[in-house]
Amino acid sequence: MASSWSVPAPHAGPGAVTVGPFVFCAGMVGLGRDGQLVLDADGLAAEERALGTSLDGFEGRDAVTAVQSLAALLRLKETLALAGTTLDGLVKLTLYVGELRDLTVFEKVRAQVLNDAELPAFECVCVRGPGPVPEANIQLEAIAVR
């Protein structure tokens, strides 16, 4: 069963597909609610900025990666909800980064969103242009259970 995107889709296809108890999520990049890639905190909705997640202390590319990481995690959370599960259902998370330093930034943001005691299996792949949206610094791919 296919689930839609929570924002305007960055490419053709569903946001997630459910097979039995498993939910396979499409690549999530740091999109705002308008479906546009976020390049700074102004690209997030007010309630997203107020989540208590600190984006302070990041500069330059790291600041862009931090806000895109938060936005991608929020889109993942919303997509999982549409598929009938939550971030707690994550069993595998794959991060694609444009530069290896993006992993460190993502980890700092991820620690504010996901419970460290219940992290899913994780891998990171460094590739040029890690998403279907130009200027994306990161992309998440996830598998969850319902």
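The rules behind the values
- Residues numbered from 1 in each chain as written.
- Predicted model: local features only at pLDDT ≥ 70, side-chain atom pairs only at ≥ 80, totals over all residues.
- Heavy atoms only, no water.
- Helix = DSSP H or I, 4+ residues; strand = E, 2+ residues; numbered from the N terminus.
- Pairing = 2+ DSSP bridges.
- Contact = heavy atoms within 4.5 Å.
- Axes fitted to C-alpha atoms, helices over the stretch in contact; angles between N-to-C directions.
- Expected span 1.5 Å × (residues − 1).
- Buried < 20%, exposed > 50% of the residue type's maximum accessible area, 1.4 Å probe, protein only.
- Salt bridge = Lys/Arg side-chain N within 4 Å of Asp/Glu carboxyl O.
- Right-handed = clockwise from strand over helix to strand, strands pointing away.

A positive phi angle is found at Glu-135, which is not glycine, with a value near 80°. Inspection of the secondary structure puts Glu-135 in the loop between strand 5 (121-126) and strand 6 (138-145).

Before going further, it helps to examine the sheet that holds strand 2 (residues 16-19). Here we have six strands laid out as an open sheet, ordered 1-2-3-6-4-5, and mixed in their pairing. Pairing within the sheet leaves two strands with one partner each, and these edge strands are strand 1 (2-3) and strand 5. In the sheet, strand 1 pairs with strand 2 via two bridges, with the strands oriented antiparallel. Across the sheet, the residue bridging to Ala-2 is Val-17, located in strand 2. Strands in contact with helix 2 (residues 60-82) are strand 1, strand 2, strand 3 (22-28), strand 4 (90-97) and strand 6; relative to strand 6, the strand with the most contacts, it is inclined by about 25°.

With 13 residues, helix 3 (residues 101-113) extends 19 Å between its outermost C-alpha atoms, agreeing within 8% with the 18 Å of an ideal straight helix rising 1.5 Å per residue. Buried within helix 3 are the following residues: Asp-102, Val-105, Phe-106, Val-109 and Arg-110. Those residues of helix 3 hidden inside the fold are in contact with helix 2, strand 4, strand 5 and strand 6.

As a further point, take the pattern of salt bridges. Opposite charge on two side chains permits pairing when their charged atoms draw close. Throughout the structure, instances matching the rule amount to twelve salt bridges. Where Asp-102 meets Arg-61, a salt bridge forms, and the shortest distance between an N and an O atom there is 2.6 Å. Placement of the pair is Asp-102 in helix 3 and Arg-61 in helix 2, with a sequence separation of 41 residues. One salt bridge connects Arg-110 with Glu-107, and the closest N-O pair in it is separated by 3.0 Å. With Arg-110 and Glu-107 both in helix 3, this residue pair falls three residues apart, about one helical turn. Taking relative accessible area as the criterion, Arg-110 reaches 7% and is therefore assigned buried. Given the relative accessible area of 27%, Glu-107 is considered partly exposed. Among the charged side chains, a network of salt bridges with common partners joins Arg-33, Glu-47, Glu-48, Arg-75 and Glu-78.

By the secondary structure assignment, Gly-98 is in the loop between strand 4 and helix 3. Given a relative accessible area of 24%, Gly-98 falls into the partly exposed group. Spatially, the C-alpha atoms of Gly-98 and Val-127 are 5.3 Å apart, while their sequence positions differ by 29 residues. Setting aside residues no more than four positions away along its own chain, Gly-98 makes contact with Arg-61, Cys-126, Val-127, Pro-130 and Asn-137.

Pairing of strand 4 with strand 6 involves seven bridges; the strand directions are antiparallel. Each residue of the ladder has a partner; that of Val-97, found in strand 6, is Ile-138. For strand 4 and strand 5, the ladder comprises six bridges, and the chain directions are parallel. Each residue of the ladder has a partner; that of Val-97, found in strand 5, is Cys-126. Chirality of the crossover, the property in question, places the unit of strand 4, helix 3 and strand 5 among those that are right-handed.

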